[in-house]
Amino acid sequence: MAYVDGFLIPLSKRKIAEYRRMARKAGQVWREHGALEYRECIGDDLKVKGMASFPKRAGAKAGETVVFSWVVYKSKAHRDRVVAKVISDPRLAEMSDPKNSPFDLRRMAYGGFRVLVDL
């Protein structure tokens, strides 16, 4: 069964273009190392009456939106192999440096998920 890594990131609206450039590079690395899918989505329709919003859950501040991202793998074991390769890839070293990141890495929410329903 597929396995998914999910991310929720508060991001300054002024840094969307910079984030997009970084995400494209990162996505290429993940895909080259075996990820089945790599998606980065920017908040658009986030005000839903009667529900907690993604920006609120992410602790987004004024002038920020959220990025909702996921990476799909064949299984958790496959994820572990792909991530090990990604982490050691020198192309990501600069992106992993907090001084070069368009967002605050400490505010990113992350988790691994087993697929419950796949239609």
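For the structure itself, consult the block above.
Let me begin by describing the structure that accompanies this report. Computed from a predicted structure; not experimentally measured.

A few points about the overall build of the protein chain
Part 1: On a plain count of helices and strands, the protein chain comes out with 4 helices and 4 strands.
Part 2: The order of α-helices and β-strands along the protein chain, N terminus first, is β-α-β-α-β-α-α-β.
Part 3: Relative to the compact-globule value of 14 Å for 119 residues, the protein chain shows a C-alpha radius of gyration of 15 Å, a close match.
Part 4: Counting only C-alpha atoms and orienting by the principal axes, one finds that the protein chain spans roughly 40 × 35 × 20 Å.

Section: a positive patch on the surface
Part 1: Where like charges cluster on the molecular surface, the positive patch consists of Arg20, Arg21, Arg24 and Lys25.
Part 2: Along the polypeptide, Arg21 turns up in helix α1 (residues 16–32).

A closer look at the sheet that holds strand β3 (residues 64–73)
Part 1: Strand order in the open sheet formed by 4 strands is β2-β3-β1-β4, and the pairing between neighbours is antiparallel. If you trace the sheet from one side to the other, it starts and ends with β2 (37–42) and β4 (109–114), each paired once. Within this sheet the neighbouring strands show an average axis-to-axis angle of 15°, counted without direction.
Part 2: Relative to β3, β2 runs antiparallel, the two sharing 6 bridges. The residue bridging Ile42 from the neighbouring strand is Val67, located in β3.
Part 3: The sheet contacts of α1 involve β1 (3–12), β2 and β3, and relative to β2 the element is tilted by about 170°.

Brief notes about the nonpolar core
Part 1: Core analysis: the largest hydrophobic core is formed by 20 residues, its most contacted members being Tyr19, Trp30, Val71, Tyr73 and Leu92.
Part 2: Sorting the residues of this core by element identifies β1, α1, β3 and α3 (76–87) as the ones contributing at least two each.

Side note on the packing of aromatic side chains
Part 1: Scanning all chains against the criterion turns up 5 aromatic pairs.
Part 2: Ring centres of Phe7 and Tyr110 lie 5.1 Å apart, and the angle between their planes is 40°; on these two criteria the pair is classed as tilted. Taken together, the residues Phe7 in strand β1 and Tyr110 in strand β4 connect sequence positions 103 residues apart.
Part 3: For Phe7, a relative accessible area of 17% translates into the label buried.
Part 4: Given a relative accessible area of 45%, Tyr110 falls into the partly exposed group.
Part 5: Ring centres of Phe68 and Trp70 lie 5.5 Å apart, and the angle between their planes is 50°; this geometry places the pair in the tilted category.
Part 6: The exposure class of Phe68 is partly exposed, given its relative accessible area of 39%.

A word on the pattern of salt bridges
Part 1: Summed over all chains, the structure comprises 7 salt bridges.
Part 2: Linking Arg91 and Asp89 is a salt bridge whose minimum nitrogen-to-oxygen distance equals 2.8 Å.
Part 3: One continuous salt-bridge network, built from bridges that share partners, spans Asp5, Arg79 and Asp80.

Concerning α1
Part 1: The first and last C-alpha atoms of α1 sit 24 Å apart over 17 residues, in line with the 24 Å expected at 1.5 Å per residue.
Part 2: Taken as a whole, α1 has its buried residues at Tyr19, Met22, Ala23, Ala26, Gly27, Val29 and Trp30. The buried residues of α1 occupy one face: seen down the axis, they fall within an arc of 160°. Residues of α1 that are exposed and point over 90 degrees away from its buried face: Arg21, Arg24, Lys25, Gln28 and Glu32.
Part 3: Buried residues belonging to α1 abut β1, β2, β3, α3 and α4 (93–96).
Part 4: Backbone geometry just downstream of α1 places Gly34 in the positive-phi region, at approximately 115°.

What counts and what doesn't
- Residues numbered from 1 in each chain as written.
- Predicted model: local features only at pLDDT ≥ 70, side-chain atom pairs only at ≥ 80, totals over all residues.
- Heavy atoms only, no water.
- Helix = DSSP H or I, 4+ residues; strand = E, 2+ residues; numbered from the N terminus.
- Rg over C-alpha atoms; globule rule 2.2 N^0.38 Å.
- Patch = residues over 30% accessible without salt bridge, like charges linked within 9 Å, V, L, I, M, F, W, Y side chains within 5 Å.
- Areas by Shrake-Rupley, 256 points an atom, 1.4 Å probe, with all protein chains shown as cover.
- Salt bridge = Lys/Arg side-chain N within 4 Å of Asp/Glu carboxyl O.
- Lys, Arg positive; Asp, Glu negative; His and termini not counted.
- Charge placed at Lys NZ, Arg CZ, Asp CG, Glu CD.
- Pairing = 2+ DSSP bridges.
- Axes fitted to C-alpha atoms, helices over the stretch in contact; angles between N-to-C directions.
- Contact = heavy atoms within 4.5 Å.
- Core = buried A, V, L, I, M, F, W, Y, C linked by side-chain atoms within 4.5 Å.
- Buried < 20%, exposed > 50% of the residue type's maximum accessible area, 1.4 Å probe, protein only.
- Phe/Tyr/Trp six-rings, centres within 6.5 Å; stacked < 30°, edge-to-face > 60°.
- Expected span 1.5 Å × (residues − 1).
- Arc of directions from axis to C-beta.

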